[in-house]
Amino acid sequence: RCRSAMTGKIYFIQVGTDGPIKIGFTRAQPQDRLYELQCGCPWPLRLMGAIDGSRLNEKWLHDKFASFKMMREWFTVEILADVNEIILSGYVWSTHELSPIDRAIWITGSQWHLERLTGCHQSTISAARTAGKLPKRIRDFLASAESAA
C-alpha cells in the first residue's frame with residue numbers, strides 16, 4: 001500500500017503541560033518518537049496520547065487545526081481540549097472526511113498508483129489537490145470505484 005494510506009499511529013506531543021502541541025504520524029512506537037524529539041528540544045516534552053491512523057488522517061488534522069498552526073506540525077495550546085477529546089474517544093476515521101482527491105489516493109494507495117490507474121500525472125494530482133479541484137479522470141475513477149463498492 002501507499003505511504004499515505006499506510007496505517008500507524010497519529011501522536012500528540014506537548015511541550016510541558018501548557019505549551020505547543022505537535023501532531024505527527026509514525027509507524028514506530030509513539031514513545032520512540034517522543035525520545036527522538038526530546039533529544040533536540042530544550043524543554044520537557046510529554047506524549048499526550050496516540051490513535052490509529054494514516055498520513056492522510058494526520059493531514060486532515062493539520063487542515064482542521066490550520067488556524068492554530070505555529071509552524072510545520074506544531075500548533076498552539078488552544079487545540080488542547082480538542083486533542084484530549086480525540087485521544088479519549090479513540091477516534092474512528094471515515095473516508096467521507098477526506099476530500100474527493102484524497103479519497104481517490106486512499107482507495108488506490110498513493111498518488112503514484114492513482115496516476116497509473118487514471119493516467120492523470122502526479123504533478124496534476126498535486127496541483128489539483130492544492131487547488132481543491134477534481135480532474136475529470138479522477139472524478140470518473142471515483143464514480144466507478146463507488147459504484148463497485
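Computed from a predicted structure; not experimentally measured.

1. Focus: the pattern of salt bridges
- Overall, the coordinates contain eight salt bridges when judged by the stated rule.
- One continuous salt-bridge network, built from bridges that share partners, spans Lys 59, Asp 63, Asp 102 and Arg 129.

2. Structural notes on the confidence of the model for the protein chain
- This prediction gives the protein chain a mean pLDDT of 87; 92% of its residues lie at or above 70.
- Averaged pLDDT values for the elements of the protein chain fall to 80 in helix 4 (residues 100–108) and rise to 98 in strand 5 (residues 74–75).

3. A few points about the pairing of strand 1 (residues 7–15)
- In terms of burial, strand 1 is largely enclosed, as seven of its nine residues are buried.
- For strand 1 and strand 3 (residues 45–54), the ladder comprises nine bridges, and the chain directions are antiparallel. Paired with Lys 9 across the bridge in strand 3 is Asp 52.
- Where strand 1 meets strand 2 (residues 21–26), six bridges bridge the pair, whose relative direction is antiparallel. In the sheet register, Phe 12 faces strand 2, and the bridge partner there is Ile 23.
- In this antiparallel pair of consecutive strands, strand 1 and strand 2, the connection spans five residues, and Gly 16 shows a positive phi of 60°.

4. Focus: the sheet that holds strand 5
- Strand order in the open sheet made by the five strands is 3-1-2-5-4, with antiparallel pairing throughout. Either end of the sheet is taken by a strand with one partner, and the two such strands are strand 3 and strand 4 (69–71).
- Examined bridge by bridge, strand 2 and strand 5 share two bridges and lie antiparallel to one another. Paired with Ile 21 across the two strands is Phe 75, which belongs to strand 5.
- Here helix 1 (residues 30–39) sits on the sheet in contact with strand 1, strand 2 and strand 3, set at roughly 135° to strand 3.
- Together, strand 1, strand 2, strand 3, strand 4 and strand 5 form the strand contacts of helix 2 (residues 55–64), whose direction differs from that of strand 2 by roughly 165°.

Cut-off values and rules
- Residues numbered from 1 in each chain as written.
- Predicted model: local features only at pLDDT ≥ 70, side-chain atom pairs only at ≥ 80, totals over all residues.
- Heavy atoms only, no water.
- Salt bridge = Lys/Arg side-chain N within 4 Å of Asp/Glu carboxyl O.
- pLDDT = per-residue confidence, 0-100.
- Helix = DSSP H or I, 4+ residues; strand = E, 2+ residues; numbered from the N terminus.
- Buried < 20%, exposed > 50% of the residue type's maximum accessible area, 1.4 Å probe, protein only.
- Pairing = 2+ DSSP bridges.
- Contact = heavy atoms within 4.5 Å.
- Axes fitted to C-alpha atoms, helices over the stretch in contact; angles between N-to-C directions.

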